[in-house]
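Chain by chain, the residues run as shown.
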Amino acid sequence: MNALEYADVSFTYPATDTEPSPSPVLEHVSLAVPEGAFALITGSTGSGKSTLLRLAKPEVAPTGTLGGNVLAFGRDVRTLSSVESAQTVGLVFQSPDSQIVCDTVWHEMAFGLENLGTPVPEMRRRVAETCMFFGMEPWFRRQTANLSGGQRQMLALAATLAMRPRLLLLDEPTSMLDPVAEKDFLAMLFRANRELGVTVVVATHAPEPMRDVATCAFRVEDGHVRELSLGEAVDACAFRPDGVVSASEGVAASGSKPALSFRDTWFRYSRDADWVLRGLDLEVPEGEVTALVGGNGSGKTTLLQLACGTLAAQRGRVSRPHAASQAYLLQSPRAILSAQTVREELLLWSNGAGYGEAEVAEMMERLGLEGVAARNPLDLSGGQQQLVAFAKVLLTRPDLLVLDEPTKGLDAVACTKLARLVQELREEGRSVLLATHDLAFVSAVADSVSLLFDGGVTCTERPDEFLAGSWLYHA
Amino acid sequence: MLTMRDTHTAFDTCHPSVPATYFAAIILIAIFAMQPVCVCVSLAGGLAFSFAARGWRRTLGGLRWQLPVVALVAVANPLFSASGSTLAAQLGSVAIYQESIAYGACAGVLLVATILWFEDAACVLTQDRLLQLGARALPTVTLVTSMAAQLVPQLMRRSQTVRTATLASTAAAPEGSRERGIRVADQLMSWSMEDSIERSDAMRARGWGAMDRRSCYLQDPFRTSDALALLGIALLAAASALLVYVACSQWHFYPTMPRLVAWWGYLPYAALTLLPTVLDLAQRVRWGRLS
């Protein structure tokens, strides 16, 4: 039997003032996911993957006109009662922050079962078994607020599986995670699929890490869905920096004063805490793109904040000649998005930075944001929010641009656009410092890579040298 | 208030109703026992347990402002209430009486002792144990409390992030601190609203509202030993309350104060106030780390 089946499904969002006659997001979609499969639904950001997935869960399905039938284990999902729906179809969302409901891990695990009025002995048994399966005993009594992003996402998965759904849908579950946490999460998802027999359907724009575990793949494009081989699906989503001039080919201004320099920098967050940076030395050459790589908690974000002057080192010297013209893009784009529409958002800093409507229009066109100009930035997908935030800091034409994980949540097309824009900045002689896990992006844009480890810079090399000599990193 | 149990101290292995009853009784008695010996006993007990359970650093940190409060109330009272018979000093037209100073000092100590007992209670009755008390009767209230408890730290962290974002980009630097505050609040608001939409989706996806009556994961492990402990505490508290009442009714500040005498009747109250400290110390002795 098919765990999930779409039979001639079409979907159109309701008309709005800005879009009086919207075109359908999905047109005559038919696909079938067999029971026990690990299916990938790929496609670029905003292609309708989420819509497709949510249609299988009427409680969270978007409003609009739906034609055709969505069947879970042979039954139309709209005929399932909410208890049946919760016990048949589980849904895990993208953001590790906003899908956690309760304050403690045990309460979060029990939340869904409490909702269904599960008798206490049965509930305690399910929670216990799920925790054992996930190896979560050590943090069972911890506060959810103190968990890392990877742990929170794992908790969201565990809490959904505690309800024992037979079909599990995941909407970009790892796009907010770093590669290490992503691997852990996928390993667990794979075990749930093979050992517990849960059918898994993942919507993603970056299927590469799932290539070895997935059993089938679909691609959403222009409202249509087709099945394709795993290799094709991965290739269609791969980041190919065509047209981006490789950084190492250009000539960088050398010998001039660095755009930023750290000398014997020591930093810790409180007197009793461990040192995050221990006598770190780093120079960011003027007019170059410098990339920082390193593990989780290696101090990349701390270093960026010292570079921006929002943190102050306890010892050592940080010289910031561009303090009067700098911009910083945080990991969470929501931290700088506040206007009602994308256009207003991008115009928000125009007075301070001296740009106007024309520049905003051009930037939106270059990043492919014209289509969403009138929409609220917070309604956009994570990747699109990242692009809007990037456009916002880029419009200020800063002499020093500091980026924290700029490609997180972006699909290949957006990554390429981002790479081009970073290259342009460099050609204008501006300096860029970025921290990332994405080595493909680094080798496309950076002049040099510095590896951060144990509170210091372990080595600084050109990206091609760095990759050639690396045991761990691949582009 | 929002922290998990980070100290292993008295009543750790009891049902939460035991410490809840204990602290309710002790705070009630402490508030009404306006008599020098009783307030001193209460202060000594509260301080001792604070040292044992909350550590000397936090206790001394609290005393830094609590001792001046005692002094302030002791000095302020005679200035506002000129009662008593033994003249201590004459400031212009204001007469200051010894009884009035004693009353003020006594009230100050009572206030500080009560605050200490509340802090001690918060240390033992952590949020998860309080939830366990109310969970069966009020499952929805319990859930809302639980949600709020995770949202507050998240909001604090985010306000830091938003502040960093606006400070780090020079083009964003707002003109004044008031404007910056508004912008940060605005940003936080829209961020939280957006989150709440996704959170409500996540809740509905997990069957929120599917049943009229939610069940509750927490069990109610109320055992015979808990009942016995409750009974013991109730008896001791009742005896203390009665004897404290007797002591208070024989005491008066105005016009003159009677002489204080040694009396066996203070002993049950002293035992009650020192109970958690003794339990805590016994645990430490058992684990061989008296320090």
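Residues numbered from 1 in each chain as written. Chains lettered and ligands numbered in written order. Predicted model: local features only at pLDDT ≥ 70, side-chain atom pairs only at ≥ 80, totals over all residues. Heavy atoms only, no water.

Asks: Please explain the nonpolar core as it appears in this structure.
Replies: For soluble globular proteins, nonpolar side chains are generally found buried alongside one another. If you look at the biggest cluster of nonpolar residues, it comprises 83 residues, and the most contacted ones within it are F390 and L401 of chain A. Counting 51 residues, the second-largest nonpolar core is a separate cluster that includes V92, C131, L157 and A214 of chain A. (Core = buried A, V, L, I, M, F, W, Y, C linked by side-chain atoms within 4.5 Å. Buried < 20%, exposed > 50% of the residue type's maximum accessible area, 1.4 Å probe, protein only.)

Asks: How should the interface of chain B and chain A be read in this particular structure?
Replies: The extent of an interface is frequently quoted as the accessible surface area lost upon association of the parts. Contacts between the two partners involve 50 residues from chain B and, on the opposite side, 68 residues from chain A. Summed over both sides, the interface of chain B with chain A buries roughly 5,100 Å², with 55% coming from carbon and sulfur. Connecting chain B to chain A are 5 salt bridges. When the shortest N-O distance is used, the salt bridge between D97 of chain A and R158 of chain B registers 3.7 Å. Run the count over chain B and chain A and you get 24 residue pairs in polar contact (both at pLDDT 80 or more). Every element with two or more residues in the side of chain B that touches chain A is listed here: α6 (139-168) and α7 (177-205) of chain B. Of all the elements, α6 of chain B adds the most residues to the side of chain B that touches chain A, at 16 residues. Looking at the side of chain B that touches chain A residue by residue, the classes come out as 22 nonpolar, 14 polar and 14 charged. (Contact = heavy atoms within 4.5 Å. Buried area = accessible area lost by both parts, 1.4 Å probe. Salt bridge = Lys/Arg side-chain N within 4 Å of Asp/Glu carboxyl O. Polar contact = N/O pair within 3.5 Å; in protein donor to acceptor, adjacent residues only side chain to side chain. Helix = DSSP H or I, 4+ residues; strand = E, 2+ residues; numbered from the N terminus. Nonpolar A, V, L, I, M, F, W, Y, C, P; charged D, E, K, R; others polar.)

Asks: Looking at this structure, I do not really get the pairing of strand β11 (residues 260-267) of chain A. What am I missing?
Replies: The two faces of the sheet receive side chains in turn, since in a regular strand these alternate between them. Residues and elements named next belong to chain A. Where β11 and strand β12 (residues 277-284) come together, 5 bridges link them in antiparallel fashion. When the sheet's bridge partners are listed, F262 is paired in β12 with L282. Judged from the 4 bridges that link them, β11 and strand β14 (residues 315-319) form a sheet pairing that is antiparallel. Following the sheet pairing, R263 is matched in β14 by R317. (Pairing = 2+ DSSP bridges.)

Asks: Looking at this structure, how should I read the packing of aromatic side chains?
Replies: For any two aromatic rings, the description comes down to two numbers: the centre-to-centre distance and the angle of the planes. Taken as a whole, this structure holds 20 aromatic pairs over all chains when the rule is applied. Three or more aromatic residues joined by ring pairs make a cluster, and in this case those are F11, Y22, F23, F49 and W117 of chain B. The ring of Y217 of chain B has R124 of chain A lying over it, and the distance from NZ or CZ to the ring centre is 4.7 Å. The lysine or arginine in question, K392 of chain A, covers the ring of W349 of chain A, its NZ or CZ lying 4.4 Å from the ring centre. (Phe/Tyr/Trp six-rings, centres within 6.5 Å; stacked < 30°, edge-to-face > 60°. Lys NZ or Arg CZ within 6 Å of the ring centre and 35° of its normal.)

Asks: Teacher, can you tell me more about the sheet that holds strand β18 (residues 448-453) of chain A here?
Replies: The strands making up a sheet associate through hydrogen bonds between their backbones, and the pairing can be parallel or antiparallel. Residues and elements named next belong to chain A. The strand order across the open sheet built from 6 strands is β15-β16-β17-β13-β18-β19, with neighbouring strands paired in mixed fashion. The open sheet is flanked by β15 (326-329) and β19 (456-461), the only strands paired with a single partner. Along the sheet, successive strands turn relative to each other by an average axial angle of 15°, direction set aside. Docked against the sheet, helix α8 (residues 300-308) engages β13 (289-294), β15, β16 (400-404), β17 (431-435) and β18, running at close to 155° with respect to β15. (Axes fitted to C-alpha atoms, helices over the stretch in contact; angles between N-to-C directions.)

Asks: Would you take a moment to explain helix α1 (residues 17-32) of chain B for this structure?
Replies: Because each turn of an α-helix spans 3.6 residues, side chains separated by three or four positions in sequence point in the same direction. Residue and element names in this part refer to chain B. When the terminal C-alpha atoms of α1 are compared, their 23 Å separation across 16 residues agrees well with the 22 Å that a helix rising 1.5 Å per residue should span. Within the span of α1, buried status applies to S17, V18, P19, Y22, F23, A25, I26, I27, I29 and A30. Those residues of α1 that are buried are in contact with α2 (36-54), α4 (98-124), α5 (127-134), α8 (224-249) and α9 (267-286). (Expected span 1.5 Å × (residues − 1).)

Asks: Would you mind showing me how to read the sheet that holds strand β5 (residues 75-76) of chain A here?
Replies: Residues and elements named next belong to chain A. The strand order β2-β1-β4-β5 describes an open sheet built from 4 strands, whose pairing is antiparallel. In this open sheet, the two edge strands, each paired with only one partner strand, are β2 (26-34) and β5. The sheet contact formed by strand β1 (residues 2-12) and β2 spans 6 bridges and is antiparallel. For E5, the partnering residue across the bridge sits in β2 and is A32.

Asks: Explain the domain arrangement of chain A here, please?
Replies: Residues and elements named next belong to chain A. Domain assignment breaks chain A into domain 1 (2-237) and domain 2 (258-468). Summarising the inter-unit geometry, the C-alpha centres of domain 1 and domain 2 are found 31 Å apart. With 11 residues of domain 1 at the interface, the matching set in domain 2 holds 11 residues. Where domain 1 abuts domain 2, roughly 940 Å² becomes buried across the two surfaces, and 57% of that area is made up of carbon and sulfur atoms. Contact with domain 2 buries surface across domain 1, with T45, D178 and H205 losing the most and accounting together for 40% of the total. At the junction of domain 1 and domain 2, the tally comes to 0 salt bridges. Inspection of the domain 1/domain 2 interface yields 5 residue pairs in polar contact (both at pLDDT 80 or more). (Domains from an automatic or database assignment.)

Asks: Is there a simple way to think about a nonpolar patch on the surface in this case?
Replies: All names here are of chain B. A surface patch of nonpolar side chains, amounting to about 520 Å² of accessible area, comprises V75, L79, F80, L91 and V94. Looking at which element gives the most residues to the nonpolar patch, the answer is helix α3 (residues 56-80), with 3 residues. As for its position among the elements, V94 is in strand β2 (residues 94-97). (Patch = residues over 30% accessible without salt bridge, like charges linked within 9 Å, V, L, I, M, F, W, Y side chains within 5 Å. Areas by Shrake-Rupley, 256 points an atom, 1.4 Å probe, with all protein chains shown as cover.)

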